Amino acid sequence: MLLLVGLGNPGARYARNRHNVGFMAVDAVARAHGFAPWRNRFAGQVSEGQLGASRVLLQKPQTYMNCSGEAVAAAARFFKLPMSEIVVCHDELDLAPGKLRIKTGGGVAGHNGLRSLAQHLGSQDFRRVRFGIGHPGYKHLVSPYVLSDFFADDRLWLDPLLDAFAAAAPLLAEGDDAGCMNKIALLLQPPKAERKPPAAADS
């Protein structure tokens with residue numbers, strides 16, 4: 001089983017915040033692949049389904065971001081999952097808006113949700129899907145920035161990115177992180193402009 005976690009804060013107040021892009025990502029996967037209705041379990045909301053040949057449990061911790069690790073560790077312990085089968089979707093200040101990167105392990109870079117996961121899982125070696133939201137420019141602006149809603153214009157890149165991630169998610173479930181990123185990049189490529197016919201030569 002793959003545990004695919006989206007990080008965020010519960011409740012309507014936070015639903016469209018930049019910090020909740022992880023919730024948005026797993027919601028997109030659930031919609032695109034016909035997962036079961038969400039239900040309460042492991043101190044979070046969970047939904048089960050298939051991505052390709054893989055059984056997958058989606059999870060949205062309801063413990064608030066700073067305590068996300070409590071919910072994730074509870075599910076990981078129940079299913080006896082290795083770190084390689086835990087994938088966490090989260091917002092990333094150090095990536096430009098609309099960029100996505102997948103990596104295994106690394107630091108927590110001041111992200112309280114990742115810090116909580118590392119503490120409760122006893123390891124930082126889980127896989128991460130990093131959704132770029134950009135940086136406000138100054139450290140003291142980070143908290144209000146991530147806890148603010150995406151701008152209306154952000155939908156122009158956010159919706160296609162979430163749809164592309166959902167479409168490529170079966171590759172993530174197979175453990176093909178590079179293939180997943182490549183597919184997302186291809187899906188996000190703008191359509192090729194129609195080629196103009198060559199100009200007629202002067203007589």
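Let me begin by describing the structure that accompanies this report.

What about the nonpolar core?
Inference 1: Grouped together as the largest cluster of nonpolar side chains are 36 residues, with contacts concentrated most on Leu 4, Val 29, Val 129, Phe 131 and Phe 165.
Inference 2: The element best represented in this core is helix H5 (residues 155–173), accounting for 10 residues.
Inference 3: Those residues in contact with Leu 4, other than ones at most four positions away along the chain, are Val 26, Val 29, Val 56, Leu 57, Leu 58, Gln 59, Val 87, Cys 89 and Leu 172.

Some thoughts on the packing of helix H1 (residues 21–32) against H5
Inference 1: Put simply, H1 and H5 touch, their axes get as near as 8 Å, and they point 55° apart. Between H1 and H5, the angle falls in the class oblique. The two elements H1 and H5 meet at a crossing, and its hand is right-handed. Of the residues in H5, those in contact with Val 21, Met 24, Ala 25, Ala 28, Val 29 and Ala 32 of H1 are Leu 158, Leu 162, Phe 165, Ala 166 and Ala 169.

Concerning the state of the cysteines
Inference 1: Under the defined criterion, the tally for this structure stands at zero disulfides.
Inference 2: Free cysteine Cys 89: the closest other cysteine sulfur is in Cys 180, separated by 9.2 Å.
Inference 3: Since its relative accessible area comes to 0%, Cys 180 is described here as buried.

Quick word on the packing of aromatic side chains
Inference 1: Enumeration over the complete set of coordinates arrives at six aromatic pairs.
Inference 2: Between Phe 150 and Trp 157 the ring centres are 5.8 Å apart and the planes differ by 80°, which places this aromatic pair in the edge-to-face class.
Inference 3: Note that Lys 60 overlies the ring of Trp 38, its terminal NZ or CZ placed 4.2 Å from the centroid.

Observations concerning helix H3 (residues 112–121)
Inference 1: Residues Gly 113, Leu 114, Ser 116, Leu 117, Ala 118 and Leu 121 constitute the buried set of H3.
Inference 2: Looking at the packing, one finds that the buried side of H3 touches helix H2 (68–79), strand S5 (86–92) and strand S7 (127–132).
Inference 3: The positive-phi residue at the C-terminal boundary of H3 is Gly 122, with phi of around 75°.

Describing the environment of Ala 25
Inference 1: Along the chain, Ala 25 turns up in helix H1.
Inference 2: What makes Ala 25 buried here is its relative accessible area of 0%.
Inference 3: Along the chain, Ala 25 and Ala 169 lie 144 residues apart, while their C-alpha atoms are 10 Å from each other.
Inference 4: Leave out the neighbours within four places in its chain, and Ala 25 touches Cys 89, Phe 131, Leu 162 and Phe 165.

Describing the pattern of salt bridges
Where side chains of opposite charge bring their charged atoms close, a pairing between them can arise.
Inference 1: According to the stated counting rule, one finds six salt bridges in the structure shown.
Inference 2: A salt bridge links Lys 60 to Asp 27, with the nearest nitrogen and oxygen atoms 2.9 Å apart. Placement of Lys 60 in strand S4 (residues 54–61) and of Asp 27 in helix H1 is noted, with a sequence separation of 33 residues between them.
Inference 3: Of the residues examined, Lys 60 reaches a relative accessible area of 8% and is grouped as buried.
Inference 4: Residue classification places Asp 27 among the partly exposed residues on the basis of a relative accessible area of 21%.
Inference 5: The salt bridge partner of Arg 55 is Glu 48, with a shortest N-O separation of 3.4 Å.
Inference 6: What makes Glu 48 partly exposed here is its relative accessible area of 25%.

What to know about the side chain of Arg 18
Inference 1: Within the secondary structure layout, Arg 18 lies in the loop between strand S1 (2–6) and H1.
Inference 2: Dropping the residues within four chain positions of it, Arg 18 is found in contact with Asp 91, Ile 133, Tyr 145, Val 146, Ser 148, Asp 149, Phe 150, Phe 151 and Asp 154.

With respect to the sheet that holds S7
Consider a sheet: its strands pair through backbone hydrogen bonds, and that pairing is either parallel or antiparallel.
Inference 1: In spatial order, the strands read S2-S3-S4-S1-S5-S7-S6; together these seven strands make up an open sheet with mixed pairing. Two strands bound the open sheet, and with one partner strand each, they are strand S2 (39–41) and strand S6 (100–104). Each strand axis lies, on average, 30° off the axis of its neighbour in the sheet, ignoring direction.
Inference 2: Sheet topology places S6 next to S7; five bridges connect them, and they run antiparallel. Bridged to Thr 104 within S7 is Arg 127.
Inference 3: In the packing of H5 onto the sheet, the strands contacted are S1, strand S3 (44–51), S4, S5, S6 and S7, and the crossing angle to S7 comes to about 165°.

Rules behind the numbers
- Residues numbered from 1 in each chain as written.
- Predicted model: local features only at pLDDT ≥ 70, side-chain atom pairs only at ≥ 80, totals over all residues.
- Heavy atoms only, no water.
- Core = buried A, V, L, I, M, F, W, Y, C linked by side-chain atoms within 4.5 Å.
- Buried < 20%, exposed > 50% of the residue type's maximum accessible area, 1.4 Å probe, protein only.
- Helix = DSSP H or I, 4+ residues; strand = E, 2+ residues; numbered from the N terminus.
- Contact = heavy atoms within 4.5 Å.
- Axes fitted to C-alpha atoms, helices over the stretch in contact; angles between N-to-C directions.
- Parallel < 35°, antiparallel > 145°, perpendicular 65-115°, else oblique.
- Left-handed = near helix turned anticlockwise from the far one by under 90°.
- Disulfide = S-S within 2.5 Å.
- Phe/Tyr/Trp six-rings, centres within 6.5 Å; stacked < 30°, edge-to-face > 60°.
- Lys NZ or Arg CZ within 6 Å of the ring centre and 35° of its normal.
- Salt bridge = Lys/Arg side-chain N within 4 Å of Asp/Glu carboxyl O.
- Pairing = 2+ DSSP bridges.

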